[in-house]
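Architecture and fold: a report
Residue strings, one per chain:
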Amino acid sequence: MMFRATVLTLYPEMFPGALGVSLAGRAMERGDWALEAVQIRDFAIDKHRTVDDTPAGGGAGMVMRADILAKAIDNASPEGDTRPRILMSPRGKPLTQERVRGLAAGPGAVILCGRFEGVDQRVIDTRELEEISVGDFILSGGEPAALVLLDAVVRLLPGVMGNEVSGEEESFEGGLLEHPHYTRPQEFEGLAIPEVLTSGNHGKIAKWRRTEAEKLTQARRPDLWAGRAEKKV
């Protein structure tokens, strides 16, 4: 089963972008996954290819129209398409590694990139869009967020990472941030590699890495650490 991503956007030229190089790019060339960027304006109904209008009730900015977006979504995801429909939105649920793994295990995704002040709520409701956020900040549009989501997903597809084990020890896998890393030279500006890492004792190394990961998580992401404690109760 190939992972197929369809991105609905006003700026299809932003894709594949960074997804066309490195691991994701090579995987695309091999046919491990596919990406299609669709221009939303192609579904406009006037000669100016208008996709937005003033917000009901007044206010600043413009809102993307439900009728135009519905046509674009229905064209990209007809009846029988089992791929989840996602709207990149700052008010969405935070993207987690757990959700990334779930998407990577599926057939792909249809991703709508919002612009302007937002998207008409009616298309979110009628087309059952899952709102996902990549952080508590505002971007100029959903395209950078879509690139982030797809990069996180594609690297987990079978065969994309050269060493499958490397993905098991990364930040957020197991609810912890990743432990510190070291490599040659043995000493850098008076700082040496921790002795345990050059001991050859794999049991001690694993214990050290686990301890360091726990210390980092407690210090930098107390929310993650608290969540782990809750799951154990």
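Residues numbered from 1 in each chain as written. Predicted model: local features only at pLDDT ≥ 70, side-chain atom pairs only at ≥ 80, totals over all residues. Heavy atoms only, no water.

1. Let's talk about unusual backbone geometry
- Cis rather than trans, the peptide bond between F15 and P16 has omega equal to 5°.
- Take P16: it is sitting in the loop between strand 1 (3-9) and helix 1 (22-30).
- Looking along the chain, the bond that leaves R184 and enters P185 is cis, with omega of 10°.
- Relative to the helices and strands, P185 is located in the loop between helix 5 (143-154) and strand 9 (187-188).
- With phi around 60°, F116 is a residue other than glycine that occupies positive phi space.
- Topologically, F116 is positioned in the loop between strand 6 (108-113) and strand 7 (118-119).
- The residue E189 is not glycine, and still its phi comes out positive at about 50°.
- Judged by its relative accessible area of 71%, E189 falls in the exposed class. (Helix = DSSP H or I, 4+ residues; strand = E, 2+ residues; numbered from the N terminus. Buried < 20%, exposed > 50% of the residue type's maximum accessible area, 1.4 Å probe, protein only.)

2. Section: the pairing of strand 6
- Within strand 6, six of the six residues are buried, which leaves it mostly tucked inside the rest of the structure.
- Burial along strand 6 is two-sided: the face carrying G108, V110 and L112 and the face carrying A109, I111 and C113 are both buried.
- Looking at chain direction, strand 5 (residues 85-94) and strand 6 are connected through four bridges and run parallel. Note on strand 6: the bridge partner recorded for L87 is L112. (Pairing = 2+ DSSP bridges.)

3. Quick word on the packing of aromatic side chains
- Following the criterion strictly, the structure yields one aromatic pair and no others.
- Each ring, one from Y182 and one from W208, has its centre 6.5 Å from the other, and the planes form 55°; the classification is tilted. With Y182 in the loop between helix 5 and strand 9 and W208 in helix 6 (residues 202-220), the pair connects residues that are 26 residues apart, well separated along the chain.
- With relative accessibility at 45%, the residue Y182 sits in the partly exposed group.
- For W208, a relative accessible area of 18% gives the class buried. (Phe/Tyr/Trp six-rings, centres within 6.5 Å; stacked < 30°, edge-to-face > 60°.)

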